[in-house]
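Now for the letters of each chain:
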Amino acid sequence: MKVSTFNAFFRKIGEAQIKFRWVFLAVFVPVTVFCCAGLKDFAFALGDEGWFGGNDEIKINQKKYEEIFGNLNGLGCLLVMQDGREVFSEDILHVIDKIGSRLKDEIPYADRLTSIINVDIPVGNEEGFEVVKPFGNGIPSDPAELAKKRDFIMRGSEKNNALINSMVSDDGKETWIFLSLLPYGTDEDIPLEIGYKFIDIIEGADFQSDSYKLYGTGTPYEDANEDRYDIPEYYKRVALGFVVMLIFLAVFLRNPFGVIVPGFTTIGAIASVFGVMSYFGVKADSTLVTVPIILGMALSVGYSVHYINMFNHFFRRTGKRRESAISCVEECGWSVLFTVLTTMTSFVSFMFVKMKPLEWMGRVTALVVLAVYVYIAVLIPILLSFGKDKAPSADHEKGATKIDMKFARWADVVQKKTKLIVILSVLIMAAFIPGFFKIQVLVDFASIAGEKMPYVKTLKEMLAAKLGNQYSYTVMLAFDDDDAFKEPDNMNALMELEDFIGGLSLTKWSGGKARVSSVTSILKEMYRALNEGDEEYFKVPEDDYVLAQLLELSSIEMHDDFKDFMDDDFKITVVNVDMVRYGEKEALENVAAIKTKVKEIFPNAKCTLLGDMIQYAEMSSRIVSGGIKSFAFSFVIIAIMLILAFSSVRTGLIGMIPNVAPVILVGGVMGYLKYSLDFGTVAVMPMILGIAVDDTIHLTTHLKMGIEKSGSYKTAMEDSFREIGASMFLTTLILCAMFGVYILSPMHILVVIGVLTVVGLSSALLADYTITPALLYAVKPFGKERGE
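Residues numbered from 1 in each chain as written. Predicted model: local features only at pLDDT ≥ 70, side-chain atom pairs only at ≥ 80, totals over all residues. Heavy atoms only, no water.

## Notes on helix H10 (residues 321-348)
Here is the rule we go by: Counting from the N terminus, the helices are DSSP H or I runs at least four residues long and the strands are E runs at least two residues long. Multiplying 1.5 Å by the residue count of a helix minus one yields the expected span of that helix. Here the bend at each residue means the angle between axes fitted to two seven-residue stretches, the one ending at that residue and the one beginning there.
For H10, with 28 residues, the first-to-last C-alpha span of 37 Å sits near the 40 Å given by 1.5 Å per residue. At Cys332, H10 is bent by approximately 45°, the largest bend along its length.

## Section: a negative patch on the surface
Defined as follows: Put simply, a patch holds well-exposed residues, over 30% relative accessible area, that have no salt bridge, with like charges counted together within 9 Å and Val, Leu, Ile, Met, Phe, Trp or Tyr side chains within 5 Å. Values of accessible area rely on a 1.4 Å probe in the Shrake-Rupley scheme; residue burial ignores everything except the protein chains shown. What counts as a salt bridge is simple: a side-chain nitrogen of Lys or Arg found within 4 Å of a carboxyl oxygen of Asp or Glu. Positive charges come from Lys and Arg alone, negative charges from Asp and Glu alone, with His and the N- and C-terminal ends not counted. The atom standing in for a charge is NZ when the residue is Lys, CZ when it is Arg, CG when it is Asp and CD when it is Glu. Note on classification: 1.4 Å probe, protein chains only; a residue is buried when its accessible area is under 20% of the maximum for its type, exposed when over 50%, partly exposed between these limits.
On the surface, a cluster of negative charge is made up of Glu487, Asp489, Glu542, Asp543 and Asp544. Along the chain, Asp489 falls in helix H16 (residues 488-502). By relative accessible area, which is 64% here, Asp489 ends up exposed.

## Here's the deal with empty space enclosed by the protein
Rule in force here: Using a 1 Å grid laid over the protein atoms alone, points where a 1.4 Å probe fits but cannot get out form a cavity; open sets with protein on both sides within 12 Å along at least 5 of 7 lines form a pocket; any residue with an atom within 4 Å of a point counts as lining. Grid points are joined across faces, edges and corners, and a volume is the space filled by probe spheres set on the points. Three categories are distinguished: nonpolar for Ala, Val, Leu, Ile, Met, Phe, Trp, Tyr, Cys and Pro, charged for Asp, Glu, Lys and Arg, and polar for the others, with Gly belonging to the last.
On inspection of all chains with the given rule, the structure shows 2 cavities of 30 Å³ or more. The volume enclosed by the largest cavity comes to roughly 470 Å³. As for the largest cavity, its lining consists of 31 residues, of which Glu222, Phe445, Tyr455, Gln470 and Tyr616 are closest to the centre. For the lining of the largest cavity, the secondary structure elements donating two or more residues are strand E7 (212-217), helix H7 (219-253), helix H14 (445-449), helix H15 (454-464) and helix H21 (612-646). Tallying contributions element by element places H7 first for the lining of the largest cavity, with 8 residues. Among the residues forming the lining of the largest cavity, the class breakdown is 16 nonpolar, 9 polar and 6 charged. Approximately 160 Å³ is the volume attributed to the second largest cavity.

## Description of the sheet that holds E7
Note the cut-off: Paired strands, in this sense, are two strands between which DSSP finds at least two bridges. For every element, the axis is a line fit to its C-alpha atoms; helices are fit only across the contacting stretch, and the angle between N-to-C directions ranges from 0 to 180 degrees. In what follows, a contact means two residues having at least one pair of non-hydrogen atoms within 4.5 Å.
Taken in spatial order, the 4 strands line up as E3-E6-E2-E7 in an open sheet, and their pairing is antiparallel. Because the sheet does not close on itself, it has two edges, and the strands there are strand E3 (110-114) and E7. For this sheet the average axis-to-axis angle between neighbouring strands, irrespective of direction, equals 20°. Two strands pair when backbone bridges link them, and E3 and strand E6 (residues 174-181) are joined in this way by 3 bridges, in the antiparallel orientation. From the neighbouring strand, Leu113 faces E6, where its bridge partner is Leu179. The strands touched by H7 within the sheet are strand E2 (74-81), E6 and E7, with E2 carrying the most contacts at an inclination of about 85°.

## Quick notes on the packing of H10 against helix H11 (residues 356-384)
What counts, and what does not: Angular relationships are summarised with four words: roughly parallel below 35 degrees, roughly antiparallel beyond 145, roughly perpendicular across 65 to 115, and oblique for the angles in between.
At a minimum axis distance of 9 Å, the contact between H10 and H11 shows a crossing angle of 180°. Between H10 and H11, the angle falls in the class roughly antiparallel. Together, Arg321, Ala325, Cys328, Val329, Gly333, Val336, Leu337, Val340, Thr343, Met344, Phe347 and Val348 of H10 and Met361, Gly362, Thr365, Ala366, Val369, Leu370, Tyr373, Pro381 and Leu384 of H11 make up the contact between the two elements. When grouped by side-chain class, the residues that make up the contact of H10 with H11 number 16 nonpolar, 4 polar and 1 charged.

## Brief notes about helix H8 (residues 256-279)
Compared with the 34 Å implied by 1.5 Å per residue over 24 residues, the 34 Å span of H8 between its first and last C-alpha is a close match. The buried fraction of H8 is high, at 17 of 24 residues. Looking one or two residues beyond H8, the residue adopting positive phi is Gly281, at roughly 75°.

## Here we look at the environment of Ser385
Looking at the secondary structure, you find Ser385 in the loop between H11 and helix H12 (402-416). Distance in space between the C-alpha atoms of Ser385 and Phe28 is 17 Å, their sequence separation being 357 residues.

## A look at the packing of aromatic side chains
Put simply, the rule reads: To pair, rings of Phe, Tyr and Trp, with the six-membered ring standing in for Trp, must have centres within 6.5 Å; the planes then decide the type, stacked if under 30 degrees apart, edge-to-face if over 60, and tilted in the middle. Whether a charge sits over a ring comes down to the Lys NZ or Arg CZ being within 6 Å of the ring centre and within 35 degrees of the ring normal.
Per the stated rule, a full pass over the model turns up 24 aromatic pairs. Summarising the aromatic geometry, the rings of Phe34 and Tyr279 are spaced 5.2 Å apart at their centres and angled 20° between planes, so their arrangement reads as stacked. Of this pair, Phe34 sits in helix H2 (residues 21-37) while Tyr279 sits in helix H8, and the two are 245 residues apart along the sequence. The class for Phe34 is exposed, based on a relative accessible area of 54%. One aromatic cluster in this structure is built from Phe6, Trp334 and Phe338. A cation over a ring is seen here: Arg21 above Phe386, with NZ or CZ 4.1 Å from the ring centre. Taking the ring centre of Tyr537 as reference, the NZ or CZ of Lys539 above it sits at 6.0 Å.

Quick look at the structure:
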């Protein structure tokens, strides 16, 4: 189909817009107000609450766990001494006690508190045994009494004392205060409330001292840090992006209209989408929320520039305002709509990725692109039509400026250097392809946020401590039959699994002990206590009758601790594992090794893995597969769209070549600069493909239209560059400038997105100035020139 046919259709649309302009304005204003009113309910999804849907297997497994063992998430406060003393000093013990009391009393959904103040320790006596709380009668002031308490808690070695290098370090200078939480259902605001209350306590004036330092951990705490540090940074980047947009509009368009109207349409379109989203109770993903906003602002400017420059082009030639507004719709309508569809396609592809944030980003960004187009395509021509006509300008050839004429001459340069351009393009792409194979996946939030963020600095300090820990996971084993773990074979297999996990690469060790805990530590403590504290009995009994009785007794006497590890029917148990760090490849290897080991030693049990490592490993897998699917989907659909639009397979495929080039460059830069593939950068390549194809469409469409008019590729290319060359440069410059504000951010993920987007967009523009016209000259996809 000829481009002139599309243009004739859009001319009719332009005529209708101008004829009924007041009706359009009367509709747009109340609709915008209504949509924007929904922003009062706008909210963010923080932390991992938004990563997996309620029907996702990970969430289903978590729910099963919480039905038996309670909330998977809790809070931890690590106290690290700074003055060389031990935590068993009287004043520090009072601090620990006060922190615990405040956590228990003030944290919503607080359940059980565990610290060296109230820990339960079974000990043997003449009557058998008793469960002792070392400070059950208060904290003594007598140094000798304090020393006895300290020796009692730190008795024996770390090998036969479950508390050493778990709750308290072997040098006595670090200790944990744990608070388990009751299940809080699906109310997603509660974790944030809990996190902020926790911060108020551990960062409050009552606990600021040169003698010790407190570090927090736990999902609610991490959510609150994200809310108080990350969210303001996102707002700042958006605000800076908007300012950059207005500055560029003012500098390049040099009239109030060119600043006010795009600014209004940008705010109206983006606010309307987020307002409607809020009406339906959809929360914005905190990490990716800036992508649709910045992109929406950038595209709003790009589309506005195309419409306004085309209007000015005709207005300089004719001096007739209404006719120029209609002509700008006629010339820009099809090419801009086509670019909108391709950009939307690149983001719609993320809706097929099984990760809620990427699904959200894909859906919302596509809607923002559509809304921006509707606002620009409808309002810009209408508002441009208001005003007086003026005499045609005699200073511009065919309505072109001096800059336009320089771009027209560039077409001649490309024609003469076609072979050189193609050869250099192939060599450059070949140099960047190896970088693709160096890309690694990373979903570690601390590394993604970067060490310039205050909470990451604090986290690094905490992880350097002997007991410091951020990541953990849980292995849940379930038999169908009750009393399954009263069988010595199953209990021995459980201890074998603990030893196996202790030897995995990501398992944290403190001192000489692997940070792996299960019900076996309670059983060993109880069995020793029942045998007058004899260290030979610090083990799990082999006799089935003794084991069964020990389990029953432990579930009663050590009930609070016991229920953290085993159910009342003795058929479901968990093993908790602290991690030294998070690594994508190692995590996947560790998970696979655990599943293989469990299948070997527990052939009749169902194994479920939960927690940080499992979620991150699953996220890594989905990011890789989702990124590949998204890019492949975008590539295929956009190629099909180009083929259909130009009624030519050859033209469509030629149009894709210059758009693959920036993707190759982005992938190469990621690999060479060691930028990881994560939930932010996975969006860059499909986004670059979707945006890069815009200029290709504009250029190819104008060239095809020029061929239909003149029959000469040289003349058509000169006319195309004269009419849209400057607009292509300006829109790309503005896009790069707006995403460039990310580069100044202290957040590592925003810096990386900024760098990659600027590289991708600038290389896409360069490709459309060189590769696209060179290929079109060489292949001549629209047929031979007249006279050939």
